Amino acid sequence: MTSSLLASLSSVAPHLFSLLALLALLEQVSYLLKKRSLPGPPLVLPFLGGAARLVADPAAFWDRQSRLAAASPLGVSANYVVGRFILFVRDTELSHRVFANVRPDAFHLVGHPFGRKLFGEHNLIYMMGQEHKDLRRRIAPNFTPKALCTYTSLQQIIILKHLEKWVDLSSPPAPAAGQLPKAIALRLLARDMNLETSQTVFAGPYLSREERERFDVDYNLFNVGLMKLPFDLPGFAFRKARLAVDRLVETLAGCAGKSKERMERGEEPCCLIDFWMQETAREIGGHLFDFLFAAQDASTSSLLWAVALLDSHPQVLAKVRDEVAGIWSPDSDSLITSDQLRQMKYTEAVAREVVRYRAPATMVPHIASEEFQLTDSYTIPKGTIVFPSVFESSFQGFTEPDRFDPDRFSEERREDQVYKRNFLAFGGRAPPVRGPEVRAEPPDALPRDVHDTGRLPAGPDGRLRRHHVRPHHLPQGRLPGLPVRAMRPVPSARPALNPPRGRERSKMPPPPPLCRIVIKKAS
């Protein structure tokens, strides 16, 4: 029987091989017809395309696409990933064309190339038209002044608690004379702080300790699955991520049910879910996960970049601290109010510049539902995944765009208005950054005496090269201790580190290790 089976397979093998070879050939022909004269690989790996390179080194993959697009008259480059033809859009005006044509017969926002399987068909990022307008109307009660004040108070309470925990972690049990606090990694601590902040702002008291722990595990599975190949099979990270999303939605739906009972008793709302009790629990649970996903990773990314950039720009840090010291003190036993947040104009400018300089979402993928005339000479084929680069646009138009300069958003310069076409971190327009959108970290959470450990990728002249620190990498911090009370300024003679003008992307070196920041506890 075994010999007959082998004989059958041997007779079928040539036909199977021929079929695979034919499919690979048709795939190459299809890719070349769609690519036309655009820059991109002349041939692609059958069936996988550039997927292996994308997963192994995302920064290098997208840097190559950016260089190819920069060398193209259209500002566009092409590639192929797991059966999908993709376009990378570097040109700002072409990005605007994509963002302005999100409609059933043009582009659909996808969030992730295989997002519908991961997020679900009814995720709010896939809504458009009247359905999307109705949802925006229904969630409006979540963002009234009363609701925003509730969220900022919750954020500050959690942030201060975590800062004190970080100080304890870094302090030796019995410090000897002259012994410095030990260094601790900041990246995961900041992620955990943001995750608790998001959970508490969205779900308030409705998550038990056990549910929070399971939530953390499932959210980590979801994040890992986002970066893996989309094999929806048992044991693969993508399958684990998809199942984790289902569990997260169910958990948040349970929170919605508890909130509904509490609101029916006439109690005061204490979190976002309390301000939003008009839909079924399951629907609210799904939308809450969408909000949490949108808030969590972007906030962690921006927070860590803010620490790294304030570290290398002590004069900016000093101005932020002086501004806040005029309205709030950690010894005041009070929280920063929403009115006080609106007075923090320079801090708002710093938050805007962090988002411009290191956009938390570097690209916003869309899929072409129909053929779309992008330029006079190129039509995007149906089914193409288009990646408008928000990161690239942030370094076009602005005065000295490679320089970290919060003053560009001052009332005098107003570059967010002058160059608003290039400020795409929030999509087609740049809304004001205020309320809970500015994470309410008390600036005394950031020390007055900061220095880098030499791991920041500076050039021979000591200046930080922007293109050495990739937008796809988060800085990983080291935090020996953070002062929470009784701060005193410590003068610093170290000049600000700014990258030189000009990007010279074609000469970019390989990405460095994640930068590490050491923050010294003030005496």
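**Structural notes on the overall build of the protein**
Next up, step 1: Within the protein one finds 16 helices and 9 strands.
Next up, step 2: Counting every position in the protein, which comprises 523 residues, the buried fraction comes to 50%.
Next up, step 3: By element, 59% of the accessible surface of the protein is carried by carbon and sulfur atoms, the whole surface being about 24700 Å².

**Let's talk about the nonpolar core**
Most often, soluble globular proteins have nonpolar side chains that are buried together.
Next up, step 1: Counting residues in each nonpolar core, the largest one holds 21 residues, and the members touching the most others are Leu118, Phe215, Tyr219, Phe222, Cys255, Ile273 and Phe289.
Next up, step 2: Filtering out sequence-adjacent residues up to four positions away, phenylalanine 289 remains in contact with Tyr219, Phe222, Val245, Leu248, Val249 and Leu252.
Next up, step 3: Counting residues in hydrophobic clusters, the runner-up holds 19 residues, among them Val44, Val76, Ala78 and Val89.

**Topic: the pattern of salt bridges**
Next up, step 1: Summed over the entire model, instances satisfying the criterion amount to 22 salt bridges.
Next up, step 2: Salt-bridge contacts for arginine 265 lead to glutamate 267; the nearest nitrogen and oxygen are separated by 3.0 Å.
Next up, step 3: Relative accessible area serves as the criterion here: at 33%, glutamate 267 is assigned to the partly exposed category.
Next up, step 4: In this structure, the salt-bridge partner of aspartate 407 is lysine 319, at a minimum N-O distance of 3.8 Å.

**Describing unusual backbone geometry**
Next up, step 1: Here the phi dihedral of valine 82 falls at roughly 45 degrees; this positive angle occurs in a residue that is not glycine.
Next up, step 2: Looking at the secondary structure, you find valine 82 in the loop between strand E1 (76-81) and strand E2 (84-89).
Next up, step 3: Taking relative accessible area as the criterion, valine 82 reaches 23% and is therefore assigned partly exposed.

**Side note on a nonpolar patch on the surface**
Next up, step 1: A contiguous nonpolar patch, built from Val12, Leu16, Leu19, Leu20, Leu22, Leu23, Leu25, Leu26, Val29, Leu33 and Phe47 and spanning about 1000 Å² of accessible area, is present on the exposed surface.
Next up, step 2: Along the chain, the position of leucine 26 falls in helix H1 (residues 2-35).
Next up, step 3: On the basis of relative accessible area, leucine 26 is assigned to the partly exposed category, the value being 48%.

**Here we look at the state of the cysteines**
Next up, step 1: Counted according to the given criterion, the structure contains 0 disulfides.
Next up, step 2: The thiol sulfur of cysteine 270 is not disulfide-bonded, and the nearest other cysteine sulfur, from cysteine 271, lies at 4.5 Å.
Next up, step 3: On the accessibility criterion, cysteine 270 (22% relative accessible area) is partly exposed.

**So, the pairing of E2**
Next up, step 1: Of all 6 residues that make up E2, 5 are buried, and the element is covered over most of its length.
Next up, step 2: Judged from the 6 bridges that link them, E1 and E2 form a sheet pairing that is antiparallel. Pairing of valine 81 across the sheet is with arginine 84, part of E2.
Next up, step 3: Here E1 hands over to E2 after 2 residues, with valine 82 in that stretch at a positive phi of 45 degrees.

**What about the sheet that holds strand E4 (residues 366-368)?**
Next up, step 1: The strand order across the open sheet built from 5 strands is E1-E2-E7-E4-E3, with neighbouring strands paired in mixed fashion. Two strands lie at the open edges of the sheet, namely E1 and strand E3 (107-109), each paired on one side alone. For this sheet, the mean angle separating the axes of adjacent strands, direction not counted, is 30 degrees.
Next up, step 2: As defined by bridge partners, E2 adjoins strand E7 (residues 385-388) across 4 bridges and the pair is classed as parallel.

**Quick look at the packing of helix H12 (residues 314-325) against helix H14 (residues 345-357)**
Next up, step 1: At a minimum axis distance of 8 Å, the contact between H12 and H14 shows a crossing angle of 140 degrees. Classified by the interaxial angle, the pair formed by H12 and H14 is oblique. Seen from above, H12 lies across H14 with left-handed handedness. On H14, the residues touching Val316, Lys319, Val320, Glu323 and Val324 of H12 are Lys345, Tyr346, Thr347 and Val350.
Next up, step 2: Residues belonging to the contact of H12 with H14 are distributed by class as follows: 5 nonpolar, 1 polar and 3 charged.

**Notes on the packing of helix H8 (residues 187-203) against helix H9 (residues 209-226)**
Next up, step 1: In contact at an axis separation of 12 Å, H8 and H9 are set at 120 degrees when each is read in the N-to-C sense. Read as a crossing pair, H8 and H9 show a hand that is right-handed. Seen from H8, the contacting residues are Arg191, Leu195, Glu196, Gln199 and Thr200; seen from H9, they are Arg212, Phe215, Asp216, Tyr219 and Asn220.
Next up, step 2: Its residues placed into classes, the contact of H8 with H9 shows 3 nonpolar, 3 polar and 4 charged.

**Re the confidence of the model for the protein**
Next up, step 1: Scored by pLDDT, the protein comes out at a mean of 76, with 74% of its residues at no less than 70.
Next up, step 2: By mean pLDDT, strand E8 (residues 450-452) is the weakest element of the protein at 30, and H14 is the strongest at 95.
Next up, step 3: Per-residue pLDDT stays below 50 along residues 429-523; that stretch engages in 249 contacts with residues further than four places along the chain or on separate chains.

**A look at the packing of aromatic side chains**
Next up, step 1: Within this structure, the stated rule accounts for 14 aromatic pairs.
Next up, step 2: Each ring, one from tyrosine 31 and one from phenylalanine 85, has its centre 6.1 Å from the other, and the planes form 65 degrees; the classification is edge-to-face. With tyrosine 31 in helix H1 and phenylalanine 85 in strand E2, this residue pair connects regions lying 54 residues apart in the sequence. The residues tyrosine 31 and phenylalanine 85 share a single accessibility class, namely buried.
Next up, step 3: Here the aromatic rings of tyrosine 357 and phenylalanine 404 are separated by 5.8 Å at their centres, their planes lie at 75 degrees, and the arrangement is edge-to-face. Here tyrosine 357 is found in helix H14, whereas its partner phenylalanine 404 is found in the loop between helix H15 (390-393) and helix H16 (415-418), with 47 residues between them in sequence. Across the pair, exposure class does not vary: tyrosine 357 and phenylalanine 404 are buried alike.
Next up, step 4: Connected via pairs of aromatic rings, a cluster forms that spans Phe61, Trp62, Phe88 and Phe387.

Cut-offs applied
- Residues numbered from 1 in each chain as written.
- Predicted model: local features only at pLDDT ≥ 70, side-chain atom pairs only at ≥ 80, totals over all residues.
- Heavy atoms only, no water.
- Helix = DSSP H or I, 4+ residues; strand = E, 2+ residues; numbered from the N terminus.
- Buried < 20%, exposed > 50% of the residue type's maximum accessible area, 1.4 Å probe, protein only.
- Areas by Shrake-Rupley, 256 points an atom, 1.4 Å probe, with all protein chains shown as cover.
- Core = buried A, V, L, I, M, F, W, Y, C linked by side-chain atoms within 4.5 Å.
- Contact = heavy atoms within 4.5 Å.
- Salt bridge = Lys/Arg side-chain N within 4 Å of Asp/Glu carboxyl O.
- Patch = residues over 30% accessible without salt bridge, like charges linked within 9 Å, V, L, I, M, F, W, Y side chains within 5 Å.
- Disulfide = S-S within 2.5 Å.
- Pairing = 2+ DSSP bridges.
- Axes fitted to C-alpha atoms, helices over the stretch in contact; angles between N-to-C directions.
- Parallel < 35°, antiparallel > 145°, perpendicular 65-115°, else oblique.
- Left-handed = near helix turned anticlockwise from the far one by under 90°.
- Nonpolar A, V, L, I, M, F, W, Y, C, P; charged D, E, K, R; others polar.
- pLDDT = per-residue confidence, 0-100.
- Phe/Tyr/Trp six-rings, centres within 6.5 Å; stacked < 30°, edge-to-face > 60°.

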